[in-house]
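Descriptive analysis of the structure
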Amino acid sequence: MTLLQNRRSIPPALMNGNPVEDDVLLRVLEAARWAPSHRGSEPWFFQVFRGEARLKLCQAMVTAYCTENGAQALEKKIAKLQQNTQLAGAILSVEMRIKQPPRNPESEDILAMGAAVQNLHLMAHALGLAGYWTTPSWVDQASFRHFLGLETGMRSFGLFYLGYSQRMDLAGSRDALSEKWRSFT
């Protein structure tokens, strides 16, 4: 229970840019792989960007952001994307790839995606890593989908920033359990 209660979303601005080691990354991805899915559909797929690959990802992110926002694009937002890309030790593209023919209604596979990311985030926290899942509106921009190689029927569920941070102790809170359920007999 402590793991669940202490896990936090730690934004990339609080990460230090140290690389995520291969064995640690594989343990995080292995946790995601064991998420439940309806009829064994396992719709999740992760592309991992580390080292110099983060720069190419950042260029694609900036292009997608600027395409979506045109003249309204903010320089400070572009600078934040660039900074966050460098501060994360790894960035995972979270993608849903449905096997053909589909085994489930889309909603069931979306739920499985959430379970996979939850497993990933919990394992990252257990290993001392900070994690942050974000789904900016521009992930569906054609240029970004092309960069990721997403074909028709594939969906982006955003980016998961993974890295090391000195700020793993952020406070959290939840509504009272009594507000989240009721029982009938």
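What comes next concerns the included structure. Computed from a prediction, not measured in an experiment: that's the story for all the values here.

Quick word on the overall build of the protein chain
Within the protein chain one finds six helices and four strands. For the protein chain, the C-alpha radius of gyration of 17 Å lies close to 16 Å, the compact-globule estimate for 185 residues. Each principal axis of the C-alpha atoms in the protein chain carries an extent, and together these give about 60 × 45 × 35 Å. Put simply, of all contacts in the protein chain between residues at least 6 apart along the chain, 83% involve residues at least 24 apart.

Let's talk about the pairing of strand S2 (residues 90-97)
Where burial is concerned, most of S2 is hidden: seven out of the eight residues are buried. Two elements, S2 and strand S4 (residues 154-163), share seven bridges in a ladder whose sense is antiparallel. Across the sheet, the residue bridging to Glu95 is Ser156, located in S4.

What about the sheet that holds S4?
The strand order across the open sheet formed by four strands is S1-S2-S4-S3, and the pairing between neighbours is antiparallel. Strands at the two margins of the open sheet, each flanked by one partner only, are strand S1 (44-49) and strand S3 (130-134). On average, each strand axis in the sheet is tilted by 25 degrees relative to the strand beside it, whichever way the strands run. Two strands pair when backbone bridges link them, and S1 and S2 are joined in this way by six bridges, in the antiparallel orientation. For Phe46, the partnering residue across the bridge sits in S2 and is Val94.

Examining the nonpolar core
Counting residues in each nonpolar core, the largest one holds 25 residues, and the members touching the most others are Met61, Trp138, Phe144, Leu159 and Tyr161. The set of elements that each furnish at least two residues to this core consists of helix H3 (53-69), helix H4 (75-87), helix H6 (142-148) and S4. A total of seven residues in this core trace back to one element, the largest contributor, which is H3. With sequence-adjacent residues up to four places away left out, Tyr161 is seen in contact with Pro12, Met15, Met61, Asn84, Thr85, Ala88, Ala90, Ile91, Ala130, Gly131, Tyr132 and Thr134. Grouped together as the second largest cluster of nonpolar side chains are 23 residues, Val24, Leu92, Ala112 and Ala124 included.

So, the pattern of salt bridges
For the coordinates displayed, the defined rule picks out five salt bridges. When the shortest N-O distance is used, the salt bridge between Arg97 and Glu95 registers 2.8 Å. The residue Arg155 makes a salt bridge to Glu106 at a minimum N-O spacing of 3.0 Å. Taken together, the residues Arg155 in strand S4 and Glu106 in helix H5 (residues 106-126) connect sequence positions 49 residues apart.

A word on the side chain of Asn84
Within the element layout of this structure, Asn84 appears in helix H4. Contact partners of Asn84, with chain neighbours within four places excluded, come to Pro12, Ala13 and Tyr161.

Some details on empty space enclosed by the protein
Scanning all chains against the criterion turns up one cavity of 30 Å³ or more. The calculated volume of the largest cavity comes to roughly 40 Å³. In terms of lining residues, the largest cavity is bounded by Ser41, Pro43, Arg97, Ile98, Lys99, Pro101, Pro102, Arg103 and Asp109. Among the residues forming the lining of the largest cavity, the class breakdown is four nonpolar, one polar and four charged.

Points about the side chain of Arg7
Topologically, Arg7 is positioned in the loop between helix H1 (2-6) and helix H2 (22-33). By relative accessible area, Arg7 is classed as buried at 13%. Ignoring anything within four residues of it in the chain, the contact list for Arg7 reads Gln118, His121, Leu122, His125 and Arg174.

Here's the deal with the packing of H3 against H4
Where H3 meets H4, the closest approach of the two axes is 10 Å, and the angle between their N-to-C directions is 160 degrees. Considered as vectors, H3 and H4 are oriented roughly antiparallel to each other. Both H3 and H4 take part in a crossing whose hand is right-handed. Together, Arg54, Leu55, Cys58, Met61, Val62, Tyr65 and Cys66 of H3 and Lys77, Ile78, Leu81, Gln82, Thr85 and Gln86 of H4 make up the contact between the two elements. Residues that form the contact of H3 with H4 fall into these classes: eight nonpolar, three polar and two charged.

Calculation rules
- Residues numbered from 1 in each chain as written.
- Predicted model: local features only at pLDDT ≥ 70, side-chain atom pairs only at ≥ 80, totals over all residues.
- Heavy atoms only, no water.
- Helix = DSSP H or I, 4+ residues; strand = E, 2+ residues; numbered from the N terminus.
- Rg over C-alpha atoms; globule rule 2.2 N^0.38 Å.
- Contact = heavy atoms within 4.5 Å.
- Buried < 20%, exposed > 50% of the residue type's maximum accessible area, 1.4 Å probe, protein only.
- Pairing = 2+ DSSP bridges.
- Axes fitted to C-alpha atoms, helices over the stretch in contact; angles between N-to-C directions.
- Core = buried A, V, L, I, M, F, W, Y, C linked by side-chain atoms within 4.5 Å.
- Salt bridge = Lys/Arg side-chain N within 4 Å of Asp/Glu carboxyl O.
- 1 Å grid on protein atoms, 1.4 Å probe; cavity = no way out; pocket = protein on both sides within 12 Å on 5 of 7 lines; lining within 4 Å.
- Points joined across faces, edges and corners; volume = space filled by probe spheres on them.
- Nonpolar A, V, L, I, M, F, W, Y, C, P; charged D, E, K, R; others polar.
- Parallel < 35°, antiparallel > 145°, perpendicular 65-115°, else oblique.
- Left-handed = near helix turned anticlockwise from the far one by under 90°.

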